[in-house]
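# Per-entry structural report
Next come the chains, spelled out residue by residue.
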Amino acid sequence: MTYPLTHIDPSAKIGQNVTIDPFTMIHGDVEIGDGTWIGSNVTIFPGARIGKNVRIFPGAVISAIPQDLKFGGEKTTAEIGDNCTIRECVTINRGTVDKDRTVIGKNCLIMAYVHIAHDCQIADNCILANSVQMAGHVTVGEFAIIGGSTAIHQFASIGKHVMISGGSLVRKDVPPYTKSGREPLTYAGINSVGLRRRNFTDAQIADIQEIYRYVYQKGLNIQTALSEIEEQISPSLERDEILSFIRSSERGIMKG
């Protein structure tokens, strides 16, 4: 369903049962999946790829060109997965030649006034609370929850099942399964409540907790801690993921 005061470029591909409210602008080179609702005063620029059953609230701007002086007009995209909710005045920029696309996975909740810059990669089932400000090239793992008014440095990496306190400044990488807060951003334990909600067993949670004792609470440097973890803790998906995340961190991980 569309209204007379809605403008849709003839080349845009609109799925079945899509509702687009008045005063919204849909440019060309846009794809919108079935069952999506787009509120009033939304602007969707070229390169937007929006999935099924997405809800986009008034004032949002999707797939605007990057705020990056190196951007040369290359053809890139901003992709939003199925069943996402994009609240009021969210801005999502499309990618640059670096990754060619900005991606938001399925089932994400992006609250009001969030900014997601070029080339960010957000996995499924994430929640970004009001006014999170995300610079370019940030990666976020699945089921991460980022508190309101958090600012995230470019190229930072946030692991899966992470909980970051509101008002945080994320300058370093945040390893998976952790909670963090304070200034500077500091380890505050593992996200045990979130893990239980995701059906992690008590044994898995205990192993994760023990791993982070080596990383943050035994007074070891990182390389020694990782070696001790490999020697003392049995291999598991969670152990290996934590080790891989820390070893591949280019910015270094948050402090303990």
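For the structure itself, look to the data block above.
Here we summarise the structure given alongside this text. Bear in mind the structure is a predicted one, so any value in this text is a computation, not a measurement. (Residues numbered from 1 in each chain as written. Predicted model: local features only at pLDDT ≥ 70, side-chain atom pairs only at ≥ 80, totals over all residues. Heavy atoms only, no water.)

### Let's talk about the side chain of Asp-119
- Among the secondary structure elements, Asp-119 is positioned in the loop between strand S16 (115-116) and strand S17 (121-122).
- Here Lys-99 takes part through its backbone nitrogen, which lies 3.2 Å from a polar atom of the side chain of Asp-119.
- Within the structure, the side chain of Asp-119 is placed 2.9 Å from the side chain of His-118, a separation counted as a polar contact. (Helix = DSSP H or I, 4+ residues; strand = E, 2+ residues; numbered from the N terminus. Polar contact = N/O pair within 3.5 Å; in protein donor to acceptor, adjacent residues only side chain to side chain.)

### Some remarks on the pairing of strand S14 (residues 101-104)
- The sheet contact formed by strand S11 (residues 77-80) and S14 spans four bridges and is parallel. Residue pairing in the sheet places Thr-77 in a bridge with Arg-101 of S14.
- Relative to S17, S14 runs parallel, the two being bridged by two bridges. When the sheet's bridge partners are listed, Val-103 is paired in S17 with Gln-121. (Pairing = 2+ DSSP bridges.)

### Some points on the sheet that holds strand S27 (residues 186-190)
- Read across the sheet, 10 strands follow the order S3-S6-S9-S12-S15-S18-S21-S24-S26-S27 without closing on themselves; strand pairing throughout is mixed. For this open sheet the edge positions go to strand S3 (19-20) and S27, each flanked by a neighbour on one side alone.
- As paired strands, strand S26 (residues 178-181) and S27 are joined by three bridges and run antiparallel to one another. Looking at the pairing, Ser-180 lines up with Tyr-187 of S27.
- Sitting on the sheet, helix H2 (residues 202-216) is in contact with S26 and S27, with an inclination near 155 degrees to S27. (Contact = heavy atoms within 4.5 Å. Axes fitted to C-alpha atoms, helices over the stretch in contact; angles between N-to-C directions.)

### Regarding the state of the cysteines
- Across all of its chains, the model carries zero disulfides by this definition.
- Considering cysteine sulfurs only, Cys-126 is the nearest to Cys-120, which forms no disulfide, with 12 Å between them.
- Here Cys-126 stays unpaired: no disulfide links it, and the sulfur of Cys-108, its closest cysteine neighbor, is 4.9 Å away. (Disulfide = S-S within 2.5 Å.)

### Examining the packing of aromatic side chains
- Counted under the stated rule, the structure contains five aromatic pairs.
- Relative to Phe-200, the ring of Tyr-177 lies with its centre 5.9 Å away and its plane at 70 degrees, an arrangement referred to as edge-to-face. With Tyr-177 in the loop between strand S25 (169-170) and S26 and Phe-200 in the loop between helix H1 (192-197) and H2, this pair connects stretches of sequence that are 23 residues apart.
- Each member of the aromatic cluster is reached from another via a ring pair, and the members are Tyr-187, Tyr-212 and Tyr-216.
- Above the ring of Phe-57, the side-chain terminus of Arg-87 is found at 3.9 Å from the ring centroid.
- Residue placement shows Lys-218 over the ring face of Tyr-214; its charged tip is 4.8 Å from the ring centre. (Phe/Tyr/Trp six-rings, centres within 6.5 Å; stacked < 30°, edge-to-face > 60°. Lys NZ or Arg CZ within 6 Å of the ring centre and 35° of its normal.)

### Quick word on the environment of Met-163
- Relative to the helices and strands, Met-163 resides in strand S24 (residues 163-164).
- On a C-alpha basis, the gap between Met-163 and Ile-190 in space is 8.7 Å, while along the polypeptide they are 27 residues apart.
- Setting aside anything within four residues of it in sequence, one finds Met-163 in contact with Ile-145, Thr-178, Lys-179, Ser-180 and Asn-191.

### Brief notes about the nonpolar core
- Core analysis: the biggest nonpolar cluster contains 66 residues, and Ile-44, Ile-56, Ile-86, Ile-116, Leu-128 and Met-134 have the highest contact counts within it.
- It is H2 that contributes the most residues to this core, seven residues altogether.
- Non-local contacts of Met-134, meaning those with residues more than four positions away in its chain, are made with His-115, Ile-116, Ala-117, Cys-120, Ile-122, Leu-128, Val-140, Ile-146 and Ile-152. (Core = buried A, V, L, I, M, F, W, Y, C linked by side-chain atoms within 4.5 Å. Buried < 20%, exposed > 50% of the residue type's maximum accessible area, 1.4 Å probe, protein only.)

### A few points about the pattern of salt bridges
- Summed over the entire model, instances satisfying the criterion amount to 14 salt bridges.
- With a shortest N-O distance of 3.0 Å, Asp-29 and Lys-75 are connected by a salt bridge. Of this pair, Asp-29 sits in the loop between strand S4 (25-26) and strand S5 (31-32) while Lys-75 is found in the loop between strand S10 (61-64) and S11, placing the two residues 46 residues apart along the sequence.
- Residue Arg-171 pairs with Glu-183 through a salt bridge whose shortest N-O separation is 3.0 Å. Note that Arg-171 is positioned in the loop between S25 and S26 and Glu-183 in the loop between S26 and S27, a separation of 12 residues in sequence.
- What you see here is one network of salt bridges that share partners, running through Asp-29, Glu-31, Arg-49 and Lys-75. (Salt bridge = Lys/Arg side-chain N within 4 Å of Asp/Glu carboxyl O.)

### Quick look at the sheet that holds strand S2 (residues 13-14)
- An order of S2-S5-S8-S11-S14-S17-S20-S23 is seen for the eight strands of this open sheet, with the pairing classed as parallel. Whereas interior strands pair on both sides, the edge strands pair on one side only; in this sheet they are S2 and strand S23 (157-158).
- By the bridge criterion, three bridges tie strand S8 (residues 48-50) to S11 in an arrangement that is parallel. Considered in S11, the bridge of Arg-49 is made with Glu-79.

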